[in-house]
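# Geometric and topological summary
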Amino acid sequence: MQLVVARIGRAHGIKGEVTVEVRTDEPELRLAPGAVLATDPAATGPLTIATGRVHSGRLLLRFEGVTDRNGAEALRNTLLIAEIDPEELPEGEDEYYDHQLIDLDVVTEDGTEVGRITEISHLPSQDLFIVERPDGSEVMIPFVEEIVAEIDLEEQRAVVTPPPGLIDDRVEIASTREETGEEAGEKSGGTPGEKSGKASEESGDTPEGKSGKASEESGEKSGDDRA
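On a predicted model such as this, the values are computed, not experimentally measured, just so you know. (Residues numbered from 1 in each chain as written. Predicted model: local features only at pLDDT ≥ 70, side-chain atom pairs only at ≥ 80, totals over all residues. Heavy atoms only, no water.)

## Focus on the overall build of the protein
For the protein, the count of helices and strands is 5 helices and 12 strands. Carbon and sulfur atoms make up 46% of the accessible area of the protein, which amounts to about 12,700 Å² in all. (Helix = DSSP H or I, 4+ residues; strand = E, 2+ residues; numbered from the N terminus. Areas by Shrake-Rupley, 256 points an atom, 1.4 Å probe, with all protein chains shown as cover.)

Below, the structure is given as structure tokens:
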């Protein structure tokens with residue numbers, strides 16, 4: 001399987017080095033000296049990495065046969081593509097490449113169908129499953145251990161334990177019931193709003209996130225190598 005792992009940026013210096021926009025969570029593996037990468041456009045490659053170093057927080061690469069600034073500039077905006085085993089898993093526990101998560105069926109613990117993962121969105125704080133429901137609508141499910149209970153690649157499914165309101169209208173229904181109760185309380189002399197205040201405090205808790213790995217594209221993460 002071919003997955004995009006980086007995009008070449010501008011030339012750096014006069015000896016053929018280029019800046020690189022990394023699109024993999026494993027640059028030390030995918031972008032190591034000696035790695036041979038396919039390219040898009042294909043006519044530019046394949047490219048073999050000669051050297052790599054970090055400068056001011058950015059990865060700089062030099063490729064075999066590219067020895068000056070002109071040669072480096074000619075590579076600008078080229079995508080670097082690695083060949084990986086589709087069955088390969090990231091080293092970290094509970095991490096996955098995007099291509100392994102795309103198209104998984106999403107179900108609740110009781111087997112209720114939620115939908116199918118169509119995309120992985122990588123945010124600074126956490127990853128999100130973009131799930132297409134049977135009616136064609138979409139729902140976003142945070143990839144955190146409090147919500148995603150299990151990833152079963154053999155069964156091609158993700159088991160979720162969503163809080164009320166994440167994938168259905170239970171919160172809206174509860175709110176309607178509380179409003180009805182408040183009206184009844186007003187008629188009977190009760191004090192409205194106490195229950196809804198408690199519910200608001202509970203729903204304000206924010207679970208700690210865990211990021212799944214998925215992009216060696218998705219490409220691993222839609223063309224990327226993060227996931």
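## Quick word on the sheet that holds strand 2 (residues 17-22)
Overall, antiparallel pairing links the 6 strands, which are arranged 1-2-5-4-3-6 in a closed barrel. Each neighbouring strand pair of the sheet contributes to a mean axis angle of 50°, computed without reference to strand direction. (Pairing = 2+ DSSP bridges. Axes fitted to C-alpha atoms, helices over the stretch in contact; angles between N-to-C directions.)

## Observations concerning unusual backbone geometry
Put simply, aspartate 40 and proline 41 share a cis peptide bond, and its omega is 10°. Take proline 41: it is sitting in the loop between strand 3 (36-40) and strand 4 (47-55). Looking along the chain, the bond that leaves glycine 45 and enters proline 46 is cis, with omega of 0°. Within the fold, proline 46 resides in the loop between strand 3 and strand 4. Notably, asparagine 77 is not glycine yet its phi reads approximately 70°, a positive angle. Overall, the relative accessible area of 48% leaves asparagine 77 in the partly exposed class. One non-glycine residue, glutamine 156, lies in the positive phi region at around 55°. (Buried < 20%, exposed > 50% of the residue type's maximum accessible area, 1.4 Å probe, protein only.)

## Details of the pattern of salt bridges
Pairing between side chains becomes possible if they bear opposite charge and their charged atoms approach one another. Tallied over the full model, the rule gives 7 salt bridges. Here arginine 7 ties to glutamate 21 by a salt bridge, and the two come within 3.0 Å at their closest N and O atoms. In this pair, arginine 7 is assigned in strand 1 (residues 2-12) and glutamate 21 in strand 2, connecting sequence segments 14 residues apart. Under the relative-accessibility criterion, glutamate 21 is labelled partly exposed at 30%. The shortest N-O distance in the salt bridge between arginine 53 and glutamate 17 comes to 2.8 Å. (Salt bridge = Lys/Arg side-chain N within 4 Å of Asp/Glu carboxyl O.)

## Quick look at the pairing of strand 1
Relative to strand 6 (residues 79-83), strand 1 is paired through 5 bridges, and the arrangement is antiparallel. Bridging across to strand 6, alanine 6 finds its partner in leucine 80. Bridging between strand 1 and strand 2 involves 5 bridges; their strand directions are antiparallel. Note that in strand 2 the partner of alanine 11 across the bridge is valine 18.

## Quick look at the nonpolar core
Among the nonpolar cores identified, the biggest contains 21 residues, and Leu31, Leu61, Phe63 and Leu80 are the most heavily contacted of them. At the level of elements, strand 1, strand 2, strand 4, strand 5 (58-63) and strand 6 are the ones that each hand at least two residues to this core. Looking at which element gives the most residues to this core, the answer is strand 1, with 5 residues. With near-sequence residues (within four places) excluded, phenylalanine 63 lies in contact with Ile8, Val18, Leu47, Thr48, Ile49, Ala50, Leu75 and Leu80. Ranked by size, the runner-up nonpolar core spans 20 residues in total, among them Leu104, Phe129, Ala158 and Val160. (Core = buried A, V, L, I, M, F, W, Y, C linked by side-chain atoms within 4.5 Å. Contact = heavy atoms within 4.5 Å.)

## Things to note about the sheet that holds strand 11 (residues 148-152)
Here we have 6 strands laid out as an open sheet, ordered 10-9-8-7-12-11, and mixed in their pairing. For this open sheet the edge positions go to strand 10 (138-142) and strand 11, each flanked by a neighbour on one side alone. Direction aside, neighbouring strands of the sheet carry axes that sit 35° apart on average. Pairing of strand 11 with strand 12 (residues 157-160) involves 4 bridges; the strand directions are antiparallel. Residue pairing across strands places isoleucine 151 opposite alanine 158, the latter belonging to strand 12.

## Let's talk about the side chain of threonine 19
Inspection of the secondary structure assignment puts threonine 19 in strand 2. Residue threonine 19 is classed as buried on the basis of its relative accessible area, which comes to 9%. Apart from residues no more than four positions distant in its own chain, threonine 19 is found in contact with Arg7, Ile8, Gly9, Arg10, His12, Arg58, Leu59 and Leu60.

Everything listed here is a matter of geometry and, on its own, says nothing about what the molecule does.
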